Amino acid sequence: MKVTLWGTRGSLASPGPDTVRYGGNTSCVSVEGPEGTLLVLDAGTGIRVLGKSISSGLKSVHILLTHLHMDHLQGLPFFEPLRIPGVEVHIWGPASTTQNLEARLMRYLSPPLFPVRVRDLLSELHFHEVSANTMRIGEFCVTAQLIIHPNPTVGYRIWTSHAAIAYLPDHEPALGADDFPHSKEWTSGYALAQEVDVLIHDSQYTTDEYQTRRGFGHSSIIHTLLFAGLVGAKELVPFHHDPAHNDDVLDQLITQGIEAVQPSFPVTPGKEGLTINIG
Amino acid sequence: MPQQEIEVILARHLAEHLAMPIFIVNPTGDLLYYNEPAEVVLGFHFDETGPMPAKEWATVFQPVDPSGQPLLPDDLPLVIATTHRYPAHKNFWIKGMDGALRQIEVTAFPLIGQADRFLGAIAIFWEVPA
Ligand SMILES: [Zn+2]
Ligand SMILES: [Zn+2]
C-alpha cells in the first residue's frame, strides 16, 4: 500500500514561510491499495490538493473521518470528486449518542457556516457509522475503535495480508495515567496500533506544553515515542503538529525526543508530501 | 490480555483519582479493577491480586441484610447492574478479609457505550459511619 501525507498540521491551517517543510495544511492522508482502492483518512485542508491529483477515471473513494473537529473536516466540501456526478463517495465516521453521522456533518455543510448543502453535492454520497468495528473496503480490512480524545473520536487500523498501518492523529493515551505507558491492556489505542508497520500518531506538544494542556486530547512527542514503543510499531510518523511550531522548532522537538527516548524503531517526521510504500 | 474498551480505561483513570471505593467489572461480572480506597474495604491490593473472576471475588464478602440474613447474589447492586443492565442501590453489611463487619451503601450502574455496547458495570461504595 502507498501512504501519502497531504496535511500534517493540527488544530488550524498554518501556511507561511516558516512551515513550508512540514506543511501548513490540516490532517489528510491517502492510502492506495495494490488493486486501486483509495482510502482518504480525514478531510482537513490537505484534501483539496489530493482531490486535484486524482485522475478523472475515479469511480469510488472512501473518506474515513476520525472525528468531526473542524481541522479534520474543513477541506471536505473542497474535495473535487464530491462535485463529479456518478462518483461514489463513502464517508465513514463516528456518530454521537444522539445524532447520526450525516446529521452531524450537515451542521457544518449548511448555511451559515458553509454555502453549499450536502444534498447539493453531485457525487453519490453514502454514510457509514463506525465506533468499534472491522469492515472490508476493497482489498483493505479496516478496524475502527474509540480512542481518548474529546467528543467521540476513533482511530483506524488498516491492513492487508502484507502490511498494516495505524492512524491516530488526535490521541491522548497518557490522560489520567500517571505512570504512562502503564500497560498494554490499559492503554487507549493499543489494539489498533499493535505491531503495525507504520504508526501515524499525534505529537502536538512539547513536554512543557502538555503540562498546561492535559485533557485537550493530544500527546507530547515523548508520549508518542513511548506509545510507539509500547505497541511495537516498526516505524513512527509524528503527526498533527501544533500551529505554533515552525519547521525549526519541529526539527528540534523530534530530534530531542529521539535523544531522550532512544527508540528502537525509525522515526520519520510527518511532512506534507511524504510518501511511504509498505508491503 | 486484549486491550480494554476505551470507556473502561477512562473509568479506571477516573477511579484512580477519586477518594470513594470503586469497583469496575466486565459484562460477565469479573472484577477488572478496584481503586485504592476499595482496597481498604476489600482487605487486599489490586497490584497483588490483579483482576478476579466473578465467582472468586463475590465470595470474598459475606453480605447480610440489616437483620443478619445472608443476601442472595441476585439482590446485590453490581449483579443487578450486570445481569439486568439497570442501576441499583442497597444498604447492607459485609465482612471483608480483615474480618471486620461494615455497614455500606452501594450504588451500581451499567456501563453502556456507543452503539449499545454493554461494557460492564461500576459500583461505588460508601461505608456508613458506625
Ligand atoms: Zn485535530
Ligand atoms: Zn480533534
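Below is a short write-up of the structure. Computed from a predicted structure; not experimentally measured.

A short note on the coordination of the zinc ion (ligand 2)
Four donors placed tetrahedrally about a metal ideally form angles of 109.5 degrees, and six donors placed octahedrally ideally form angles of 90 or 180 degrees.
Residues and elements named next belong to chain A.
For step 1, the next point in the chain: Protein coordination of the zinc ion (ligand 2) is provided by His-67 (NE2), His-69 (ND1), His-149 (NE2) and Asp-170 (OD), with donor distances spanning 2.1 to 2.5 Å.
For step 2, the next point in the chain: Around the zinc ion (ligand 2) sit 4 donor atoms; with metal-centred angles ranging over 90 to 173°, the donor geometry is irregular.
For step 3, the next point in the chain: In primary sequence terms, the donor set of the zinc ion (ligand 2) follows H-x1-H-x79-H-x20-D.
For step 4, the next point in the chain: Between the two metals, the zinc ion (ligand 2) and the zinc ion (ligand 1), the spacing is 3.5 Å, and Asp-170 donates to both. Placement of the pair is His-67 in the loop between β4 (60-64) and β5 (88-93) and His-149 in the loop between β8 (140-146) and β9 (154-159), with a sequence separation of 82 residues. Residue His-67 shares its accessibility class with His-149, and that shared class is buried.

Side note on the sheet that holds strand β5 (residues 117-127) of chain B
Residue and element names in this part refer to chain B.
For step 1, the next point in the chain: With antiparallel pairing, 5 strands are arranged side by side in an open sheet as β2-β1-β5-β4-β3. Unpaired on one side and paired on the other, β2 (31-34) and β3 (88-95) mark the two borders of the sheet. Between one strand axis and the next, the sheet turns through 25° on average, direction left out of account.
For step 2, the next point in the chain: In this structure, strand β1 (residues 22-25) lies alongside β2, joined through 3 bridges in antiparallel fashion. Paired with Val-25 across the two strands is Leu-31, which belongs to β2.

Some thoughts on the environment of A:Ser220
Residue and element names in this part refer to chain A.
For step 1, the next point in the chain: With respect to the secondary-structure elements, Ser-220 resides in the loop between α4 (207-212) and α5 (221-231).
For step 2, the next point in the chain: According to the relative accessible area criterion, Ser-220 is buried, its value standing at 1%.
For step 3, the next point in the chain: Separated by 37 residues in the primary sequence, Ser-220 and Gly-257 have C-alpha atoms spaced 9.3 Å apart.
For step 4, the next point in the chain: When neighbours within four sequence positions are excluded, Ser-220 is seen to be in contact with Tyr-205, Thr-206, Thr-207 and Tyr-210.
For step 5, the next point in the chain: Here His-223 takes part through its backbone nitrogen, which lies 3.1 Å from a polar atom of the side chain of Ser-220.

Observations concerning the interface of chain A and chain B
For step 1, the next point in the chain: Taken residue by residue, the interface counts 24 residues in chain A and 18 residues in chain B.
For step 2, the next point in the chain: For the pair chain A and chain B, the two sides together bury roughly 1,600 Å², of which 60% comes from carbon and sulfur.
For step 3, the next point in the chain: Per-residue buried area on chain A facing chain B is highest for A:Leu146, A:Glu185 and A:Trp186; these three make up 45% of the total on that side.
For step 4, the next point in the chain: On the surface where chain A and chain B come into contact, there are 0 salt bridges.
For step 5, the next point in the chain: Counting across the interface, chain A meets chain B through 5 residue pairs in polar contact (both at pLDDT 80 or more).

Criteria and cut-off values
Residues numbered from 1 in each chain as written. Chains lettered and ligands numbered in written order. Predicted model: local features only at pLDDT ≥ 70, side-chain atom pairs only at ≥ 80, totals over all residues. Heavy atoms only, no water. Donors = N, O, S within 2.8 Å, 3.2 Å for Na, K, Ca; no water. Tetrahedral: all angles 85-135°; square planar, octahedral: opposite > 155°, others 65-115°. Helix = DSSP H or I, 4+ residues; strand = E, 2+ residues; numbered from the N terminus. Buried < 20%, exposed > 50% of the residue type's maximum accessible area, 1.4 Å probe, protein only. Pairing = 2+ DSSP bridges. Axes fitted to C-alpha atoms, helices over the stretch in contact; angles between N-to-C directions. Contact = heavy atoms within 4.5 Å. Polar contact = N/O pair within 3.5 Å; in protein donor to acceptor, adjacent residues only side chain to side chain. Buried area = accessible area lost by both parts, 1.4 Å probe. Salt bridge = Lys/Arg side-chain N within 4 Å of Asp/Glu carboxyl O.

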